[in-house]
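Working through the structure, step by step
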Amino acid sequence: MSSRHRAAWPLVALFTAGYLASYLLPTLVGRLDDHLPLTTPQAGVLGSVLLLCSASAGFLLASRVERLGARRLSRAGLLLTAAGYGTAAATTVLPLVVAGAAVGGFGSGTTMTVAAGRIAARRDPHRASTLGLLAVSATAGALYLILPALGGGHGLPLAAVAVVALLVWPATGHLPDSRDPSVATVGSPLPHRRAGGVLAGAIVLWALCQNALWGVSGRIGTDQAGLSEAAVGAVFAAALGAGLLGILGASALGARFGRAAPIGVGTVLIAGCIAASARADGLTAFATGEIAWNTLYPAVLSYLIGLGAHLDPRGRWAVMVGSASALGVAFGPLAGSLLSEHAGFPVMGLVLGTTLVLLAAPLTLVAVHTTTRPLSFGLVRRGGLTATGTPPLPVPPLGTPEQPLAPLSVTGRHLTRRALSTAGPGTGPGAGGGAGDGG
């Protein structure tokens, strides 16, 4: 492992602990529906409460990570995650399950806030975010294979998230416990307010569309495609495995084609995958739609996280983007449940796909506007176009009078060859004679 990856692993671990609950959302909602006295929409509401608490943590703490300390805040988030989800897993008393899920969701959001903010401050935030998505996808894929073999009950997925939070605890020792001096001052204004606001608003709907399908994918597989829970879990594991390939591809591609094309084209392709998956009536159609969608979704998400990090090196927009995504994720299960209950899965897929196609335009425009910096006429930058933070040097306008030249007087009647040679080592006063001397 390279030194750069070794430095990033604590953030990757926190990223995994913070995002895992949303990746396990289908089995969380499905098991709450099956094993607790809840209807399907009520189980979706409980999933939404969990993720809404996660989003609220991000919005509340986005500008406070430096003041509170990354280590202290991440440990508080992991403790809340373990305690909340552990409590919800250990009881069937519905108020305690709801309260535990809410506390655990706030803990997940706190952990994610620390991870997103510090990833944004790195030299290559896109690479670090893809590593985080890679880790959480691999963890969730393994759990989708393991959990069905461990039996039923609503508590297993919740307990798994709590255990992962405890396992991640040692990573917090590698985080600073006070404000990082390498980050800009606390009082610095939030840059790119308009572009960041459009990005955050669009991502709310973007994530809602993704997780409206993800929240009911289990029901599509069992009710419409006629598959068993084990078969659906295997499809999810394969889909998340394909997501690993998508993330690796995004990591290898990097910013070679910018961010606008991957975000815009990827969002349109995701729209088609969602519409196809929602119409699945058998194993082949269901697996194809889920695998194709999960291949594209995390790859495009990594570019959106990278775009948020690009807007503010302090990571505030990255946290806001992550919280906006969590907000959309929070209402996704409820939206998917309501649409599927009243209109059916195929119509739900058509509505979600159309919404994503419409969202592709503002997301692409934000990426184009904030990642291209044309050189203004009459200005040059020292060191070429790639230099950053260097004040522009104005080029004198046409017609400016030339500056007078100071006369140069030469004393002495004879000029030696050495006097006319180029400057260099050994040519100044007092230097020893050499081959260039001559009378």
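Computed from a predicted structure; not experimentally measured.

1. Details of the overall build of the protein chain
Looking only at helices and strands, one finds 14 helices and two strands in the protein chain. Put simply, 84% of the contacts in the protein chain that link residues at least 6 apart link residues at least 24 apart.

2. Re the packing of aromatic side chains
In total, this model carries nine aromatic pairs according to the counting rule given. Here the aromatic rings of phenylalanine 15 and tyrosine 19 are separated by 4.8 Å at their centres, their planes lie at 35°, and the arrangement is tilted. Of the two residues, phenylalanine 15 and tyrosine 19 both sit in helix 1 (residues 3-23), four residues apart, roughly one turn of that helix. Each member of the pair phenylalanine 15 and tyrosine 19 is classed as buried. The structure contains a cluster of three or more aromatic residues connected by ring pairs, namely Tyr144, Trp206, Trp214, Phe236, Phe286, Trp293 and Tyr297.

3. A short note on the pattern of salt bridges
If you walk through the whole model with that rule in mind, you get two salt bridges. In this structure, arginine 219 and aspartate 223 form a salt bridge, with 4.0 Å as the shortest nitrogen-oxygen distance. Residue arginine 219 and its partner aspartate 223 are both found in helix 9 (residues 193-224); the two are separated by four residues, about one turn of the helix. Exposure remark for arginine 219: the relative accessible area of 18% places this residue in the buried category. For aspartate 223, a relative accessible area of 53% puts it in the exposed group.

4. Focus on the confidence of the model for the protein chain
For the protein chain, the mean per-residue pLDDT works out to 78, and 80% of the residues sit at or above 70. Helix 8 (residues 155-168) holds the highest mean pLDDT among the elements of the protein chain, 94, whereas strand 1 (residues 379-380) holds the lowest, 31. The low-confidence segment residues 182-186, where pLDDT is below 50, has 10 contacts with residues more than four positions distant or belonging to other chains. Throughout residues 412-439 the model reports pLDDT below 50, and contacts reaching past four residues in sequence, or to other chains, amount to 15 contacts.

5. Quick notes on the nonpolar core
The biggest cluster of nonpolar side chains holds 111 residues, and the ones touching the most others in it are Phe15, Leu199, Trp206 and Phe286. If you tally residues by element for this core, the top one is helix 9, at 14 residues.

6. Observations regarding the side chain of serine 22
Mapped onto the fold, serine 22 is located in helix 1. Serine 22 gets classed as buried once you look at its relative accessible area, which sits at 12%. Every residue in contact with serine 22, bar those within four places of it in the chain, is listed here: Leu51, Asn211, Trp214 and Val329.

7. Focus: the environment of threonine 130
Tracing the backbone shows threonine 130 in helix 7 (residues 125-146). The spatial distance from the C-alpha of threonine 130 to the C-alpha of leucine 301 is 9.0 Å, given a sequence separation of 171 residues. The contact partners of threonine 130, leaving out residues within four places of it in the chain, are Ile247, Ser251 and Ser302.

8. Structural notes on the packing of helix 10 (residues 229-253) against helix 12 (residues 283-311)
Relative placement of two packed helices is described by the angle separating their axes and the distance separating the axes. Where helix 10 meets helix 12, the axes come as close as 7 Å, and the angle between the chain directions of the two elements is 35°. By crossing handedness, the relation of helix 10 to helix 12 is classed as right-handed. For the pair formed by helix 10 and helix 12, the contact residues are Val232, Val235, Phe236, Ala238, Ala239, Leu240, Ala242, Gly243, Gly246, Ile247, Ala250 and Leu253 on the first element and Leu283, Phe286, Ala287, Glu290, Ile291, Asn294, Thr295, Pro298, Ala299, Ser302 and Tyr303 on the second. Here the contact of helix 10 with helix 12 is composed, by residue class, of 17 nonpolar, five polar and one charged.

Conventions we followed
- Residues numbered from 1 in each chain as written.
- Predicted model: local features only at pLDDT ≥ 70, side-chain atom pairs only at ≥ 80, totals over all residues.
- Heavy atoms only, no water.
- Helix = DSSP H or I, 4+ residues; strand = E, 2+ residues; numbered from the N terminus.
- Contact = heavy atoms within 4.5 Å.
- Phe/Tyr/Trp six-rings, centres within 6.5 Å; stacked < 30°, edge-to-face > 60°.
- Buried < 20%, exposed > 50% of the residue type's maximum accessible area, 1.4 Å probe, protein only.
- Salt bridge = Lys/Arg side-chain N within 4 Å of Asp/Glu carboxyl O.
- pLDDT = per-residue confidence, 0-100.
- Core = buried A, V, L, I, M, F, W, Y, C linked by side-chain atoms within 4.5 Å.
- Axes fitted to C-alpha atoms, helices over the stretch in contact; angles between N-to-C directions.
- Left-handed = near helix turned anticlockwise from the far one by under 90°.
- Nonpolar A, V, L, I, M, F, W, Y, C, P; charged D, E, K, R; others polar.

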